[in-house]
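# Structural features, examined
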Amino acid sequence: MYTLYTDAATNNETLHSAAGILIVHAGKQQQLRASLPNSDNHHAEFHAALAGFDALLKLLNGTANNVTVQYFTDSKIVADSVKKRYAKHYQQLVDELLAKQAEFNLVITQWVPEKQNQGAHHLAQQALHERD
């Protein structure tokens, strides 16, 4: 099983956004930072999730269909939208995220409070400061 944590950070003045991605497997961590398209924080959270699953797919190099992923996000809109498979204003991003998740054997998505997502949160903040 792989565990994936993602978080987004957005500068509300510039709309610059960045992602923090934490992948945990077999007691080892991979910490990643990524720039995201300029957007509001809700869009950025979806883009961070997409970047996280892209990173995991790249890491697994074609073996994702055998892998179970426990995915943690502190974004209620991302977690709820994946669960419902619908989001009124973000449906295209939900569809993209569900398509990426479908490449895995099983993805268990869970919302966590921000304090339980500090690894990804700090990585996102670092990436945003690098971008600004």
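Residues numbered from 1 in each chain as written. Predicted model: local features only at pLDDT ≥ 70, side-chain atom pairs only at ≥ 80, totals over all residues. Heavy atoms only, no water.

## Structural notes on the overall build of the chain
When helices and strands are tallied, the chain shows four helices and five strands. Along the chain, helices (α) and strands (β) appear in the sequence β-β-β-α-β-α-α-β-α when read from the amino end. Computed over the C-alpha atoms, the radius of gyration of the chain is 14 Å, within 12% of the 14 Å expected from 2.2 N^0.38 for a compact globule of 132 residues. Expressed along its principal axes, the backbone C-alpha trace of the chain runs to roughly 40 × 35 × 25 Å. Going through the 132 residues of the chain one by one, you find that 45% of them count as buried. For the chain, contacts bridging at least 24 residues in sequence account for 67% of all contacts bridging at least 6. Just so you have it, the chain exposes about 7100 Å², and 47% of that area is on carbon and sulfur atoms. (Helix = DSSP H or I, 4+ residues; strand = E, 2+ residues; numbered from the N terminus. Rg over C-alpha atoms; globule rule 2.2 N^0.38 Å. Buried < 20%, exposed > 50% of the residue type's maximum accessible area, 1.4 Å probe, protein only. Contact = heavy atoms within 4.5 Å. Areas by Shrake-Rupley, 256 points an atom, 1.4 Å probe, with all protein chains shown as cover.)

## Observations concerning the side chain of Asp74
Residue placement: Asp74 occurs in the loop between strand S4 (68-73) and helix H2 (76-84). Lys76 provides the closest opposite charge to the buried, unpaired Asp74, separated from it by 11 Å. Polar side-chain contacts of Asp74 include one of 3.5 Å to the side chain of Asn117. Asp74 has contacts with Thr6, Asp7, Glu45, Trp111, Val112, Pro113, Glu114 and Asn117, leaving out every residue within four places of it along the chain. (Lys, Arg positive; Asp, Glu negative; His and termini not counted. Salt bridge = Lys/Arg side-chain N within 4 Å of Asp/Glu carboxyl O. Polar contact = N/O pair within 3.5 Å; in protein donor to acceptor, adjacent residues only side chain to side chain.)

## A few points about the UniProt feature "domain: RNase H type-1" (unreviewed entry) in the chain
Annotation from UniProt places "domain: RNase H type-1" (unreviewed entry) at residues 1-129. Here residues 1-129 is 40% helix and 30% strand, with 32 Å between the C-alpha atoms at its ends. (UniProt positions renumbered as here; feature names shortened; annotations may be inferred.)

## Regarding helix H3 (residues 91-101)
Every buried residue belonging to H3 is among Leu93, Val94, Leu97, Leu98 and Gln101, and all of these are buried. One side of H3 carries all its buried residues, which in axial view fall inside an arc of 135°. Lining the buried residues of H3 we find helix H1 (41-60), S4, H2 and strand S5 (106-111). (Arc of directions from axis to C-beta.)

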